[in-house]
Amino acid sequence: MNTIIKSATVLVATMTISFNAFAQEAKKPASPPATATGKIKDATITIAYSSPSVKGRTIWGGLEAYDKVWRAGANDATTFTTDKDITVQGKKLPAGKYSFFLIPKESGTWTAIFNKESKQWGAYKYQESQDALRVEVKTKALPATQETLVYKINKNGFSMDWDKISVPVEIK
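For the protein, the name recorded in an unreviewed UniProt entry is Asparagine synthetase B, with Chryseobacterium taiwanense as its organism.

A. Quick peek at the overall build of the protein. The secondary structure content of the protein amounts to one helix and ten strands. Expressed as a percentage of the 172 residues in the protein, the buried residues total 39%. Across the protein, every contact between residues at least 6 apart in sequence was considered, and the portion connecting residues at least 24 apart equals 52%. For the protein, the computed accessible surface area is about 10100 Å², with 54% contributed by carbon and sulfur atoms.

B. Up close: the sheet that holds strand β3 (residues 78-82). One open sheet holds the six strands; their spatial order is β1-β2-β3-β6-β7-β8, and the pairing between them is antiparallel. Looking along the sheet, the strands with just one partner apiece sit at the ends: β1 (33-40) and β8 (131-138). Between one strand axis and the next, the sheet turns through 25° on average, direction left out of account. Two strands pair when backbone bridges link them, and strand β7 (residues 109-115) and β8 are joined in this way by seven bridges, in the antiparallel orientation. When the sheet's bridge partners are listed, Ala-112 is paired in β8 with Val-135.

C. Geometry of the environment of Asp-67. Tracing the backbone through its elements, the reader meets Asp-67 in the loop between β2 (43-50) and β3. Once the C-alpha coordinates of Asp-67 and Ile-103 are considered, the two residues, 36 residues apart in sequence, prove to be 5.6 Å apart. Other than its neighbours up to four places away in sequence, Asp-67 contacts Ile-103, Pro-104 and Lys-105.

D. Expanded view of the packing of aromatic side chains. A complete count under the given rule lists twelve aromatic pairs for this structure. Between Phe-100 and Phe-114, the ring centres sit 5.2 Å apart and the planes meet at 55°, which makes this aromatic pair tilted. Highlighted residues: Phe-100 in strand β6 (residues 96-103) and Phe-114 in strand β7, separated in sequence by 14 residues. Taken individually, Phe-100 and Phe-114 each receive the classification buried, so the pair is uniform in this respect.

E. Focus on the layout of surface pockets. In this structure, the largest pocket occupies an estimated 310 Å³ of space. Leu-63, Glu-64, Trp-70, Arg-71 and Tyr-124 are, among the 20 residues lining the largest pocket, the residues nearest its centre. Lining the second largest pocket are 14 residues, and of these Ala-48, Tyr-49, Asp-76, Ala-77 and Thr-79 sit closest to its centre. Listed by contribution, the elements that provide at least two residues to the lining of the second largest pocket are β1 and β2. When residues in the lining of the second largest pocket are grouped by element, the largest group, three residues, is from β2. Tallied by class, the residues present in the lining of the second largest pocket amount to six nonpolar, five polar and three charged.

F. Fine view of the pairing of strand β10 (residues 157-170). Taking burial as the measure, the 14 residues of β10 include eleven buried ones, the bulk of the element. In this sheet, β10 lies alongside strand β9 (residues 140-154) in antiparallel orientation, the contact comprising eight bridges. The residue bridging Asn-154 from the neighbouring strand is Gly-157, located in β10. Linkage of β9 to β10, two consecutive antiparallel strands, is achieved through a turn of two residues.

Thresholds, definitions, all that
- Residues numbered from 1 in each chain as written.
- Predicted model: local features only at pLDDT ≥ 70, side-chain atom pairs only at ≥ 80, totals over all residues.
- Heavy atoms only, no water.
- Helix = DSSP H or I, 4+ residues; strand = E, 2+ residues; numbered from the N terminus.
- Buried < 20%, exposed > 50% of the residue type's maximum accessible area, 1.4 Å probe, protein only.
- Contact = heavy atoms within 4.5 Å.
- Areas by Shrake-Rupley, 256 points an atom, 1.4 Å probe, with all protein chains shown as cover.
- Pairing = 2+ DSSP bridges.
- Axes fitted to C-alpha atoms, helices over the stretch in contact; angles between N-to-C directions.
- Phe/Tyr/Trp six-rings, centres within 6.5 Å; stacked < 30°, edge-to-face > 60°.
- 1 Å grid on protein atoms, 1.4 Å probe; cavity = no way out; pocket = protein on both sides within 12 Å on 5 of 7 lines; lining within 4 Å.
- Points joined across faces, edges and corners; volume = space filled by probe spheres on them.
- Nonpolar A, V, L, I, M, F, W, Y, C, P; charged D, E, K, R; others polar.

Right under this line is the structure:
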């Protein structure tokens, strides 16, 4: 009888652990939230975004259209915060919190946008009249596919890397 009770207890415990592990995996969002934070000179920069994956899809010119404002991530618009006034691609940007958008181009430079309305879902209600700054940036080809979108902050600025493209933005 003791053996049956012990076996039943082990079976129930195993099923509970397996169910909880499955439930946790099921809750994992398709585009999980992420944050990149770093110092550039005296300024602390924080970029908050949701990180979609390529998943075998055509990203540029497919999932993300060329010549159209894009939220530069998934879900809510990506936010960019600086605690000090900075210079982006040679143009002044006051300290504050902004939505960060990109306009992908098939060739040439992309447009990076810092918009005063920091709380937006995607780019659906984006208004150009709220732009604090627009700058042109030259993209770079990545040596290998970057499966999940990632922002990286370094001493010269930051980059958004996804699929086969890196979008470096210079900050001073």
